[in-house]
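Spelled out, the chains give:
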Amino acid sequence: MTTLTILRYPDPRLHTVAKPVVAVDARLRQLVGDMLDTMYAAEGIGLAATQVDVHERVIVIDVSEGHDQPLVLINPEITWASDEKRVGDEGCLSVPGIYDGVERSTSIRVRALDRDGKLQEHAAEGLLAVCIQHEMDHLMGKVFVEYLSPLKRNRIKTKMIKQKKEDERDAVR
């Protein structure tokens, strides 16, 4: 498998709305494997295809303690979300080092295809529910910082642009 490059905010490609997957085939299973490798290498718990510049409705998640229980969601749809919401700190592989509070439903149900193309339904609560909602936002072209105030968002954007310039300068050396 391959480790893919994760797009960083404020890259405009992160705002692309993902298209539904047409066929679960060898190409897509390769993408899923590469996304899992990328997520684990980056020490993340979730990754949407949008974050690796593939604009298809694919998410990989693993919130398990041992990072050995991957969940693959292809063409996911939230079929129910609790009215109960909670604000929790979120981070994102596309916005490294930034964490802030986002309000999410505490419980959800999601329907999606698995990596074999079989329709599955999952009930999720807690961290898994938050992670699914966060990654589904990516498929809609939304990054978690967009839930924050314009002032916070602009500070984060400035910080990320500065970090990118520093990284590019260091790469040249």
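Computed from a predicted model, the values in this text were never measured in an experiment.

Engineer: What exactly am I supposed to notice about the side chain of H138 here?
Structural biologist: As for its placement among the helices and strands, H138 is situated in helix 2 (residues 126-139). We classify H138 as buried; its relative accessible area is 0%. Sequence-distant contacts of H138, defined by excluding residues within four places in its chain, comprise L14, T16, A48, T50, Q51, C92 and V143.

Engineer: How should the pairing of strand 4 (residues 85-92) be read in this particular structure?
Structural biologist: Each regular strand shows side chains that alternate between the opposite faces of the sheet. In this sheet, strand 5 (residues 95-105) lies alongside strand 4 in antiparallel orientation, the contact comprising 7 bridges. Note on strand 5: the bridge partner recorded for G88 is V102. Joining the antiparallel neighbours strand 4 and strand 5 is a turn of 2 residues.

Engineer: Quick question: what am I supposed to make of unusual backbone geometry here?
Structural biologist: Both trends apply: most residues other than glycine have a negative phi, and most peptide bonds are in trans. Cis peptide bonds are those with omega within 30 degrees of zero, and the linkage from Y9 to P10 qualifies with 10°. In this fold, P10 is placed in the segment before helix 1 (26-41).

Engineer: Before we go on, may I ask you to explain the sheet that holds strand 1 (residues 46-48) in this structure?
Structural biologist: Backbone-to-backbone hydrogen bonds pair the strands of a sheet. The strands run either parallel or antiparallel. Read across the open sheet, the 5 strands follow the order 1-2-3-6-7; overall the sheet is antiparallel. Taken across any chain shown, the strands that pair with only one partner, and hence form the sheet edges, are strand 1 and strand 7 (119-125). Put simply, the sheet's adjacent strands are angled 40° from each other on average, direction ignored. Across 5 bridges, strand 3 (residues 71-81) lies against strand 6 (residues 107-113) in antiparallel orientation.

Engineer: Help me understand the packing of aromatic side chains, please; the structure alone is not making it clear to me.
Structural biologist: Within a pair of aromatic rings, the relevant descriptors are the distance that separates the centres and the angle that separates the planes. In this structure the tally under the stated criterion is 0 aromatic pairs. Across the ring face of W80, the terminal group of R109 is positioned such that the distance to the ring centre comes to 4.6 Å. Over the face of the ring belonging to Y147 we find K142, whose NZ or CZ atom lies 4.0 Å from the ring centre.

Engineer: Sorry, what's going on with the pattern of salt bridges here?
Structural biologist: Side-chain pairing between opposite charges can occur once the charged atoms of the two side chains come close. Under the counting rule described, the total for this entry stands at 9 salt bridges. A salt bridge links D167 to R8; its shortest N-O distance comes to 3.2 Å. On the criterion of sequence distance, the pair formed by D167 in helix 3 (residues 150-172) and R8 in the segment before helix 1 is long-range, its members being 159 residues apart. For D167, a relative accessible area of 31% puts it in the partly exposed group. Exposure remark for R8: the relative accessible area of 38% places this residue in the partly exposed category. Of the charged contacts in the structure, one is a salt bridge between R13 and D11, with a shortest N-O distance of 2.6 Å. Among the charged side chains, a salt-bridge network with shared partners connects D11, R13 and D53.

Procedures and definitions
Residues numbered from 1 in each chain as written. Predicted model: local features only at pLDDT ≥ 70, side-chain atom pairs only at ≥ 80, totals over all residues. Heavy atoms only, no water. Helix = DSSP H or I, 4+ residues; strand = E, 2+ residues; numbered from the N terminus. Buried < 20%, exposed > 50% of the residue type's maximum accessible area, 1.4 Å probe, protein only. Contact = heavy atoms within 4.5 Å. Pairing = 2+ DSSP bridges. Axes fitted to C-alpha atoms, helices over the stretch in contact; angles between N-to-C directions. Phe/Tyr/Trp six-rings, centres within 6.5 Å; stacked < 30°, edge-to-face > 60°. Lys NZ or Arg CZ within 6 Å of the ring centre and 35° of its normal. Salt bridge = Lys/Arg side-chain N within 4 Å of Asp/Glu carboxyl O.

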